[in-house]
Amino acid sequence: MQRVFSGIQPSGIPTLGNYLGAIRNWVPMMDDHECIYCVVDLHAITQPFDPKTLARQTREMAAALIACGVTPDKCTLFVQSHVHAHTRLAWLFNCVARIGWLNRMTQFKDKAGKDRENAGAGLYVYPNLMAADIHAYHATRVPVGEDQKQHLELANDIGEKFNHDYGVEFFPHIEPIIQGVAARVMSLRDGTKKMSKSDPSDQSRINLTDDADTIALKIRRAKTDPEPLPAEMAGLEARPEARNLVGILAAITGTTPDAVLRQHEGQGFGTFKGVLTDALVAHLGPIQAEMQRLLDDPGAVDAALRQGADKAAAIAEPIVQKAEALVGFLPRA
Ligand code: AQP
């Protein structure tokens, strides 16, 4: 069975984008892969964050994952900072990766913005930590969006250079499991920008915890255009906001965008947004109820995460100790 690693940052309440693009796909993968799923709090502090809310957000993210069906019994679910193997291997990788490789990473350029000199060093070496997350488990399959492909290539470059430098075949090649473009959910305020949990505008996204009234309001206010819906997706090429709402309804109801259009052809957005709201409320309601039930007993969530961290460390410790031995460190007596 192939070993999968995937992570999600506790940088806010998970959005509909995180759910449709990542979390929902994690569930069926547990049937035929050995899955290691991680709430990556070390990554979350590479961008501005609030130390007062980080722990709560981390637990909430874990509860959201479990509520969406990422059952701790069927996978290894844990918090990144609870397993020290990640940072130890990341340090080795800081010394393996070349500055020139990191300079090519487009996500750093996007996230650092114009004031690059002032960006945190953690944001710069983020891809090395991501490489460590995966290689610490000898994971060979990683579900990623298009935007993360470059980081995965870097993880392979790092693994290969380590193997070459130390004359071993130690870190395996990682294959991406690419999620389709349709899995990319866009902002409700700007159809060219992805929906993001850290977007300053709460109106730009559906949070998994939004109640029915909030969902209805956000969808009602979602940017659209006055044209009716066409018969086929080709007719939505220049209408990114409309395309996004059609894509969301298709994803949430388990059909294709073209099938949605066949059913709603000629409709204006007043009617269509009502249908979309009802579908979202029906789909997210049970997830929210389960998440609330879990958060009413935070001790149980924390206990599940502790067990997950024990399981994760049992896999990662021997691998990272071996890497440290290859580097030549004196073992602790
Ligand atoms: N809008 C999206 N559509 C589809 N998939 C998405 N993902 C994120 N946004 C969308 C997927 O969610 C997973 C976890 O992402 P992450 O938390 O590691 O960071 P991110 O990709 O940067 O997500 P956010 O929500 O935009 O977080 P912030 O605001 O903290 O940067 C990934 O698999 C991602 O592809």
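Please read all numbers here as calculations on a predicted model, not as lab measurements.

Chemist: Just to check I follow, could you spell out the overall build of the protein for this structure?
Modeler: Helix and strand counts for the protein stand at 14 helices and five strands. Over its C-alpha atoms the protein spans a radius of gyration of 21 Å, differing by no more than 12% from the 20 Å that the globule rule assigns to 333 residues. Counting only C-alpha atoms and orienting by the principal axes, one finds that the protein spans roughly 70 × 45 × 40 Å. The proportion of buried residues among the 333 residues of the protein is 38%. Contacts in the protein between residues at least 24 apart in sequence constitute 77% of all its contacts with a sequence separation of at least 6.

Chemist: In this structure, what is going on with the packing of helix H10 (residues 212-221) against helix H13 (residues 269-295)? I would like to understand it.
Modeler: Packed helix pairs are specified by the crossing angle of their axes together with the interaxial distance, meaning the distance between the axes. For the pair H10 and H13, the least separation of the axes is 9 Å and the interaxial angle reads 150 degrees. As H10 packs across H13, the resulting crossing turns out to be right-handed. Residues Ala212, Ile215, Ala216, Ile219 and Arg220 of H10 form the contact with H13, whose own contacting residues are Lys273, Leu276, Thr277, Leu280 and Val281.

Chemist: Is there a simple way to think about the site of the ligand in this case?
Modeler: Ser11, Gly17, Gly21, Ser196 and Ser198 are the nearest of the 18 residues found near the ligand. Counting residues per element, the shell around the ligand draws most heavily on helix H1 (residues 16-32), at five residues. Along the lines of polarity and charge, the residues of the shell around the ligand split into six nonpolar, nine polar and three charged.

Chemist: Looking at this structure, I do not really get the UniProt feature "short sequence motif: 'HIGH' region" (unreviewed entry) in the protein. What am I missing?
Modeler: UniProt's feature table lists "short sequence motif: 'HIGH' region" (unreviewed entry) at residues 10-18, given in the numbering used throughout. With 33% helix and 0% strand, the stretch residues 10-18 has end C-alpha atoms that lie 11 Å from each other.

Chemist: Before we go on, may I ask you to explain the nonpolar core in this structure?
Modeler: Nonpolar side chains tend toward joint burial in soluble globular proteins. Ile36, Tyr37, Leu65, Leu89, Phe93 and Ile134 are the most contacted members of the largest nonpolar core, which totals 88 residues. Looking at this core, you find at least three residues from each of domain 1 (3-184 + 298-327) and domain 2 (209-293). Those residues in contact with Phe93 that lie beyond four places of it in its chain are Asn128, Ala131, Ala132 and Ile158.

Chemist: Looking at this structure, how should I read the UniProt feature "binding site: L-tryptophan" (unreviewed entry) in the protein?
Modeler: Listed under "binding site: L-tryptophan" (unreviewed entry) in the UniProt record, and renumbered for this structure, are Asp133. Mapped onto the secondary structure, Asp133 falls in helix H8 (residues 126-135). By C-beta crowding, Asp133 is classed as buried, having 27 other C-beta atoms within 10 Å. Setting aside anything within four residues of it in sequence, one finds Asp133 in contact with Phe5, Gly7, Cys38, Val40 and His86.

Chemist: Explanation requested: H1 in the structure shown.
Modeler: Think of an α-helix as turning once every 3.6 residues; residues three or four places apart then point the same way. Between the first and last C-alpha of H1 there are 25 Å, a value that for 17 residues agrees with the 24 Å anticipated at 1.5 Å per step. Of all the bends in H1, the largest measures some 35 degrees and sits at Trp26, one to four residues before the proline Pro28.

Chemist: Just to check I follow, could you spell out the environment of Ile23 for this structure?
Modeler: Mapped onto the fold, Ile23 is located in helix H1. Judged by the 23 C-beta atoms lying within 10 Å of it, Ile23 falls in the buried class. The spatial distance from the C-alpha of Ile23 to the C-alpha of Ile8 is 8.6 Å, given a sequence separation of 15 residues.

Chemist: Honestly, the pairing of strand S1 (residues 3-8) in this entry has me stumped. Any pointers?
Modeler: Two faces belong to every sheet, and in a regular strand the side chains alternate between them. In terms of burial, S1 is largely enclosed, as five of its six residues are buried. Where S1 and strand S2 (residues 34-39) come together, six bridges link them in parallel fashion. When the bridges of S2 are listed, Val4 appears paired with Cys35. In the classification by handedness, the crossover that spans S1, the intervening H1 and the parallel S2 is right-handed.

Chemist: Any chance you could explain the domain arrangement of the protein here in plain terms?
Modeler: By a widespread convention, an interface's size corresponds to the accessible area lost as its parts come together. When cut into domains, the protein gives domain 1 (3-184 + 298-327) and domain 2 (209-293). Computed over C-alpha atoms only, the centres of domain 1 and domain 2 are separated by 31 Å. Taken together, the contact between domain 1 and domain 2 spans eight residues of the former and seven residues of the latter. Class assignment of the residues belonging to the side of domain 1 that touches domain 2 gives a composition of eight nonpolar, no polar and no charged.

Quick notes on the rules
- Residues numbered from 1 in each chain as written.
- Predicted model: local features only at pLDDT ≥ 70, side-chain atom pairs only at ≥ 80, totals over all residues.
- Helix = DSSP H or I, 4+ residues; strand = E, 2+ residues; numbered from the N terminus.
- Rg over C-alpha atoms; globule rule 2.2 N^0.38 Å.
- Buried ≥ 20, exposed ≤ 12 C-beta atoms within 10 Å, placed from the backbone.
- Contact = placed C-beta atoms within 7 Å.
- Axes fitted to C-alpha atoms, helices over the stretch in contact; angles between N-to-C directions.
- Left-handed = near helix turned anticlockwise from the far one by under 90°.
- Near = placed C-beta within 6 Å.
- Nonpolar A, V, L, I, M, F, W, Y, C, P; charged D, E, K, R; others polar.
- UniProt positions renumbered as here; feature names shortened; annotations may be inferred.
- Core = buried A, V, L, I, M, F, W, Y, C linked by C-beta atoms within 7 Å.
- Domains from an automatic or database assignment.
- Expected span 1.5 Å × (residues − 1).
- Bend = angle between axes of the 7 residues up to and from the residue.
- Pairing = 2+ DSSP bridges.
- Right-handed = clockwise from strand over helix to strand, strands pointing away.

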